[in-house]
Amino acid sequence: VQAYSVSKVSAANGYYRNRLTSTLVDKFINGVVCEWNPAMPEFSEVKFTEDMFLLVESLKNYTYIKFIESSRLKVAEYRGYDIVKELFMMLDDGGAVLLPDDFKDWHDKAKNEPDRKRVICDFIAGMTDSYAIEFYGRLKSESPQSIFKPI
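These notes cover the structure that comes with them.

Thresholds, definitions, all that
- Residues numbered from 1 in each chain as written.
- Predicted model: local features only at pLDDT ≥ 70, side-chain atom pairs only at ≥ 80, totals over all residues.
- Heavy atoms only, no water.
- Patch = residues over 30% accessible without salt bridge, like charges linked within 9 Å, V, L, I, M, F, W, Y side chains within 5 Å.
- Areas by Shrake-Rupley, 256 points an atom, 1.4 Å probe, with all protein chains shown as cover.
- Salt bridge = Lys/Arg side-chain N within 4 Å of Asp/Glu carboxyl O.
- Helix = DSSP H or I, 4+ residues; strand = E, 2+ residues; numbered from the N terminus.
- Buried < 20%, exposed > 50% of the residue type's maximum accessible area, 1.4 Å probe, protein only.
- Phe/Tyr/Trp six-rings, centres within 6.5 Å; stacked < 30°, edge-to-face > 60°.
- Core = buried A, V, L, I, M, F, W, Y, C linked by side-chain atoms within 4.5 Å.
- Contact = heavy atoms within 4.5 Å.
- Axes fitted to C-alpha atoms, helices over the stretch in contact; angles between N-to-C directions.
- Parallel < 35°, antiparallel > 145°, perpendicular 65-115°, else oblique.
- Left-handed = near helix turned anticlockwise from the far one by under 90°.
- Nonpolar A, V, L, I, M, F, W, Y, C, P; charged D, E, K, R; others polar.

## Examining a nonpolar patch on the surface
- A surface patch of nonpolar side chains, amounting to about 600 Å² of accessible area, comprises Tyr62, Tyr64, Ile65, Phe67, Ile68 and Leu73.
- With 5 residues, the top contributor of residues to the nonpolar patch is helix α3 (residues 50-68).
- Assignment of secondary structure puts Leu73 in helix α4 (residues 71-92).
- Residue classification places Leu73 among the partly exposed residues on the basis of a relative accessible area of 35%.

Below is the structure:
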């Protein structure tokens, strides 16, 4: 019960969160060791101490289970996949005219279909999440104001 209340205080108070983060960063930095190999420096090793390695692995595992595999993130991941797939299909199916000038030039100069598809993939891969959602919304949204917003 004590640990739970400390956790709630840390989550709610910026000072405590900052202190926790600083403490962890300090532990991680001080938990790094270098095993220098003077005969073959390229085989020298930089790694965590055993106890720090276990802490980092525990935090990574916790993060993966609690956040990466969470249903809230899965909904966003699923919707993001759908948006990216539809953007590609729209741009590939005659929508290349919607590409920015530089990508449109590369698309037009591409020698074959796989290269043209690669240009579209590169354009989409360079989008931030918010830009991809906005771009998609401007093409598919029921809200007419979105089509008049400048790129």
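## A closer look at the packing of aromatic side chains
- Following the criterion strictly, the structure yields 6 aromatic pairs and no others.
- Where Tyr62 meets Phe67, the ring centres are 6.3 Å apart and the plane angle is 85 degrees; that geometry is what we call edge-to-face.
- Relative accessible area serves as the criterion here: at 45%, Phe67 is assigned to the partly exposed category.
- One aromatic cluster is present, formed by Phe103, Trp106, Phe123, Tyr131 and Phe135 through successive ring pairs.

## Re the nonpolar core
- Grouped together as the largest cluster of nonpolar side chains are 14 residues, with contacts concentrated most on Leu87, Leu91, Leu99, Phe123, Ile124, Met127 and Phe135.
- Elements with a minimum of two residues in this core: α4, α6 (113-125) and α7 (129-140).
- At 4 residues, α6 tops the list of elements feeding residues into this core.
- Setting aside its immediate chain neighbours within four residues, Ile124 contacts Val84, Leu87, Phe88 and Leu91.

## Overview of the packing of α4 against α7
- The contact between α4 and α7 brings their axes to 10 Å, and the two run at 55 degrees. Compared by their axis directions, α4 and α7 come out oblique. Once α4 is placed against α7, the crossing between them reads as left-handed. On the side of α4, the interface is formed by Arg79, Ile83, Glu86, Leu87, Met90 and Leu91, while α7 contributes Ala132, Ile133, Phe135, Tyr136, Leu139 and Lys140.
- For the contact of α4 with α7, a count of residues per class yields 9 nonpolar, no polar and 3 charged.

Honestly, it's all geometry; don't read function into it.
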